[in-house]
Amino acid sequence: MKNSLYDKYGGFSSISRIVMALYDRLLDDDDVGPFFDDVDLPKLIDHQTKFISALMGGPASFSDGHIQRAHAHMIVSDAHFDQLKSLVRETLEEFEIEPEDIEAVLGEFEVRRHLLVGTGHVD
Amino acid sequence: MSIEAINEQLLRAIGVGVALFDMETLEARFRNDTFIEWFGPADRAGGLLDLFPGLDVDALRDVLAVGGRHTAETSFKMRRRTMTVAMEFNRAGGEGERIAVLVCQNITRIKELESMIDSYSVMVERNTREIKREKEQVEKLLLDMMPRGAYEEYKSSGIVAPRLFEPVSVLALDFVGFDALLAAHDPGVVVSELNDIYGAFDRIGEQFGCERTRTHGDSYVAVSGVPDPSAEHAVAVANAAVRYLRYLRQRNQSHPIQWNARVGLATGAVVGSVVGVQRYIYDVFGPAVTEALALRGGAEPMSILTEATLAELLDESFDAVSAGDGDAVVLTERLAAAPGARNFGL
C-alpha cells in the first residue's frame, strides 16, 4: 500500500524534511530551477508539500486534470522530467528511504510523465 | 593581527548581515560580506533608502533618539529563492555621533517552514472534513439499517448481541395480487409507487411509535417496543394499521393502480439482532413475528386480522369482531373517533 510509505517514514515530521531538501535541490538546479523563477514562495512550498505527500501516500492527492492544469503554461521536456526524477531520487536517498520504496515513488512519478511532457503551450 | 582587526574580520565573515548607517546622511559607513551578498555590491549606492525604500526613516530616527530599537522585515530574490530577512536597528556611537547598527538575520527557512505548515494544515483539515462527512454518511446508512441503540452497541463493540424483547407488538402487511400488479404494469412504476407507500408508512409508524424493521418485496414488517420498551406497543401497531389502510383507501381513489393491503397484528416476544457477517441487517424474529405473518395470511383484502390477546390491550378507538376462526379477530377503527384522537392529515 502506498499509504504506508508516508506512515512508515514517520509521517509529516519526516516528510517535511524531505520536502525542504527537495525544494533546495530544485531551486539550485539550473535545468529545472528556472521553472520556479516567477512562482511566489507560499505557492511553491504548497506545491512541494502536496507533491511529496501525494507521492508518499500522505494526505494529498492530485487528479490528472489538476496536474495538467498546474503545468499547462510550462514547456516540460523529457530531459526536464528525467532531471526532476533524478533530483527526487537523490533527495529520497539522502533520507535513507529504502531502495524498493524509492522505486515505488519514482514509479508513481513516471506514470504521470505524459501529463507534464509535451502538453504545455506558450500563452 | 590586532584585536580590532580580528574583530573586523569576524564581523565581515559571520552569517548575519551587519551594517552601520550615519543617521544624519543615511549613508552606510560599514557593510559586512553577508550584508553585501544580500543587498548588493559595495559600490552600489549605500543609502538606507536606496536599499530599503519602504523603511519608515522618521519612525526609525525617533526610536533611536531615545535609545530604543526598531525592527522590520524585508524580502528579496536571490538565485530564484525568495529570501526573507529580519532587520533590527540599534543606536551606537558616542554623544556626538548618530550611528545606527543594522543587524540582519536570515529567516528565510522559518518563512518556508511556516508556508509548509500552512499548506499541510489546509490538507489535513480538508481530509478531516472529508473523513467526518464520510463518517456521517456511514452513520446515517447504519441508522437506516438498525435502531440507534443497536448502532451504539455496534459502534463500541463491533457486534450487536441478540436481545429478547417482550412484550412487543408486530405489524405485518402485504399487498393482495402484488405479482399480478407487477405483471400488468411497468415494474419501474410499481416499485416507485411502492416506495411512496412505504415512505408514507414509515412516517405514519414513526408518529405512533412503530419502527419498520424490514421490507421484502411487498412484505412490510414494523414493530413497537423494540429496542425501547413501550407500554403502548399494541395500541401503537393498531393505530398504525388503521392509518395505513386509511391512507391506501384515499390513495386508491386518485390513482390508477389499486393497492389492497392485508395486515396481521400480533403481540409477544421477539429477538432483535444484526444478522449476517457481511451485508448485515438488523432484524427481529421470533414468535410474535411468525404469528403476525400467519395472521396477515388469513386477512381479507384491506382488513386487519389480529389475536384476541392483542385486541384486549386496545382502547375504545377500535372495534374487534371475531373472525370465526379460533382466536383471530378482525380489527377496525371505531368511526366516531375518540376525543383527542389525532388527525394526521390522511
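You'll find the structure just up there.
Note that the structure is a prediction, hence the values are computed from the model and not measured.

Residue and element names in this part refer to chain B. An order of 2-1-5-4-3 is seen for the five strands of this open sheet, with the pairing classed as antiparallel. The strands lining the two open edges of the sheet, one partner per strand, are strand 2 (28–31) and strand 3 (70–78). Going across the sheet, the axis of each strand differs from the next one's by a mean of 25°, ignoring polarity. By the bridge criterion, six bridges tie strand 1 (residues 17–22) to strand 5 (residues 99–106) in an arrangement that is antiparallel. Residue pairing in the sheet places Val18 in a bridge with Val103 of strand 5.

Residue and element names in this part refer to chain A. Following the criterion strictly, the structure yields 33 salt bridges over all chains and no others. Residue Asp101 pairs with Lys8 through a salt bridge whose shortest N-O separation is 2.7 Å. Of this pair, Asp101 sits in helix 6 (residues 99–110) while Lys8 is found in helix 1 (residues 3–8), placing the two residues 93 residues apart along the sequence. For Asp101, a relative accessible area of 10% gives the class buried. A residue is classified by how much of its surface remains accessible, and Lys8, at 43% relative accessible area, is partly exposed. Taking the shortest distance from any N to any O, the salt bridge between Asp82 and Arg113 comes out at 2.6 Å. With Asp82 in helix 5 (residues 78–94) and Arg113 in helix 7 (residues 113–116), the pair connects residues that are 31 residues apart, well separated along the chain. Judged by relative accessible area, which is 16%, Arg113 ranks as buried.

The next point concerns the environment of Asp228 of chain B. Inspection of the secondary structure puts Asp228 of chain B in the loop between strand 8 (219–224) and helix 9 (233–254). When the C-alpha positions of Asp228 of chain B and Gly149 of chain B are compared, they lie 8.4 Å apart, and in sequence the two are 79 residues distant.

All names here are of chain B. Here strand 8 lies mainly inside the structure; six of its six residues are buried. Burial along strand 8 is two-sided: Ser219, Val221 and Val223 facing one way and Tyr220, Ala222 and Ser224 facing the other are all buried. In this structure, strand 7 (residues 211–216) lies alongside strand 8, joined through five bridges in antiparallel fashion. Across the sheet, residue Arg212 finds its bridge partner in strand 8, namely Ala222. Linking two consecutive strands that pair antiparallel, namely strand 7 and strand 8, is a turn of two residues; a positive phi of about 60° is found at Gly217 within it.

This part takes up the environment of Arg12 of chain B. Residue and element names in this part refer to chain B. Among the structural elements, Arg12 can be located in helix 1 (residues 3–13). The spatial distance from the C-alpha of Arg12 to the C-alpha of Asp33 is 5.1 Å, given a sequence separation of 21 residues. Beyond its immediate stretch of four places on either side in the chain, Arg12 contacts Phe30, Arg31, Asn32, Asp33 and Thr34.

This part takes up the packing of aromatic side chains. Residue and element names in this part refer to chain B. If you walk through the whole model with that rule in mind, you get 17 aromatic pairs over all chains. For the pair Phe35 and Phe52, a centre-to-centre distance of 6.4 Å together with 80° between the ring planes defines the contact as edge-to-face. Here Phe35 is found in helix 2 (residues 33–39), whereas its partner Phe52 is found in the loop between helix 3 (48–51) and helix 4 (57–65), with 17 residues between them in sequence. Residue Phe35 is classed as buried on the basis of its relative accessible area of 0%. Its relative accessible area of 4% is what places Phe52 among the buried residues. With centroids separated by 6.2 Å and ring planes inclined at 40°, the aromatic side chains of Phe178 and Trp259 adopt a geometry described as tilted. Separated by 81 residues along the polypeptide, Phe178 in helix 7 (residues 178–184) and Trp259 in the loop between helix 9 and strand 9 (261–275) bring together distant segments of the chain. Here Phe178 falls in the buried class, since its relative accessible area comes to 10%. In this structure an aromatic cluster arises from ring pairing among Phe21, Phe35, Trp38, Phe39, Phe52 and Phe76.

Looking now at the nonpolar core. Counting 42 residues, the largest nonpolar core has Ile52, Met56 and Leu92 of chain A as its most contacted members. When contributions to this core are tallied by element, the ones reaching two or more residues are helix 1, helix 2 (11–28), helix 3 (41–55), helix 5, helix 6 and helix 7 of chain A together with helix 5 (108–145) of chain B. With nine residues, helix 2 of chain A is the largest single contributor of residues to this core. In this structure, Ile52 of chain A is in contact with Ile15, Ile18, Val19 and Leu22 of chain A, ignoring residues within four places of it in sequence. Leu181, Ala222, Val242 and Tyr247 of chain B belong to the second largest nonpolar core, which has 39 residues in total.

All names here are of chain B. Cis peptide bonds are those with omega within 30 degrees of zero, and the linkage from Glu166 to Pro167 qualifies with 0°. If you trace the backbone, Pro167 turns up in strand 6 (residues 163–175). Following Val226, the chain continues into Pro227 via a peptide bond in cis, with omega recorded as -5°. Within the secondary structure layout, Pro227 lies in the loop between strand 8 and helix 9. Within the chain, Leu26 stands out as a residue other than glycine whose phi angle is a positive 65°. Take Leu26: it is sitting in the loop between strand 1 and strand 2. One non-glycine residue with positive phi stands out, namely Met302, at about 55°. Checked against the element boundaries, Met302 lands in the loop between helix 10 (287–298) and strand 11 (303–307).

Rules behind the numbers
- Residues numbered from 1 in each chain as written.
- Chains lettered and ligands numbered in written order.
- Predicted model: local features only at pLDDT ≥ 70, side-chain atom pairs only at ≥ 80, totals over all residues.
- Heavy atoms only, no water.
- Pairing = 2+ DSSP bridges.
- Helix = DSSP H or I, 4+ residues; strand = E, 2+ residues; numbered from the N terminus.
- Axes fitted to C-alpha atoms, helices over the stretch in contact; angles between N-to-C directions.
- Salt bridge = Lys/Arg side-chain N within 4 Å of Asp/Glu carboxyl O.
- Buried < 20%, exposed > 50% of the residue type's maximum accessible area, 1.4 Å probe, protein only.
- Contact = heavy atoms within 4.5 Å.
- Phe/Tyr/Trp six-rings, centres within 6.5 Å; stacked < 30°, edge-to-face > 60°.
- Core = buried A, V, L, I, M, F, W, Y, C linked by side-chain atoms within 4.5 Å.

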